Amino acid sequence: SSGINAEYGGLGSEKVHVVLEIGFYHTKVGFAGEPCPRHIIRSYNVKSDNTVVNICDPKLSYEELVDELTKFVHSIYFRYLLTNPKDRKIVLSEDYVQTVKFREALSHVLFRQFSVVGIMFTPALPLALHPLGTPTGLVLNMGYRDTSAMCIYEGMVVLSSYNSVDLGCLAHLTTIQRMISETAEVREGANTYKAADFYNEMNMDVLEDIRARTCFSGQRPPTDNNIKSGTEASHRAVDMKYPMMDGQHLIVNGKIRERSVEVLFDGDGDGNSVAT
């Protein structure tokens, strides 16, 4: 298959590189030459007492970071990729503003603990242009906590063009939770209840699933004056049922589905947004 050919690189040739991108919430792992990551996993470890440790938590000390990264990288190689780390070089797609502590801890783990052949640290934003086959472009990267943009000219990073705003997937998920608590309903049989009575603080996994299944970005809403006067509707999406536990259904109304994403375009306190 194409996946096997990409993984082994053909008869007698060098094994292809491992590609790794560690984000604050998700980590992508796979092999070079393949069209998509082999796995997209959460960037955390689960301890024996079921506590969750985010490997990108800035509060971790260097020693704690090395310990958590060792466990995390071990699971990547021997649980997900099922390959020997000593046999392959690795391409690390990293955040442009990654901390020195994290980079040094990850290098220590890969070289000292897993004896990788070599590491290539590459900024994630320029790599996004490779599938397009063009060396020049504007790259917009929306992450869990923030969104960043940068211009790439003939494969070279234009440092002065880099900009970021603290609006990302987390802001959208938080808005969905707030709007559900304020306006959504729960139906159980013939009975209808306020969603806030049951799901005032929902699990992030559930919120992500709700966003993926029901939410989208529609046209920019009309002005508040038009909405209040009734000349235009604030949304065009219909309500959707989302199955919950014990036979309950969360009614995700059209406003949540279509307008929750507007938090990314309304801007922060300084007027910065994804659009600007």
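These numbers were taken from a predicted model, which means no experiment stands behind them.

Asks: I tried to follow the sheet that holds strand 12 (residues 191-194) on my own but got confused; where do I start?
Replies: Read across the open sheet, the four strands follow the order 12-11-14-13; overall the sheet is antiparallel. Across the chains shown, the open sheet's two edge strands, defined by having one partner strand only, are strand 12 and strand 13 (240-243). Mean inter-strand twist for the sheet, computed between neighbouring axes without regard to direction, equals 30 degrees. The pairing of strand 13 with strand 14 (residues 249-252) spans four bridges and is antiparallel.

Asks: Explanation requested: the pairing of strand 2 (residues 26-31) in the structure shown.
Replies: Sheet topology note: the strand 1 (residues 18-22)/strand 2 ladder contains five bridges and is antiparallel. Note on strand 2: the bridge partner recorded for I22 is T27. Where strand 1 folds back onto strand 2 in an antiparallel hairpin, the turn is made up of three residues. Relative to strand 3 (residues 39-42), strand 2 is paired through four bridges, and the arrangement is antiparallel. The partner of T27 across the bridge, within strand 3, is I41.

Basis of the calculations
- Residues numbered from 1 in each chain as written.
- Predicted model: local features only at pLDDT ≥ 70, side-chain atom pairs only at ≥ 80, totals over all residues.
- Heavy atoms only, no water.
- Pairing = 2+ DSSP bridges.
- Helix = DSSP H or I, 4+ residues; strand = E, 2+ residues; numbered from the N terminus.
- Axes fitted to C-alpha atoms, helices over the stretch in contact; angles between N-to-C directions.

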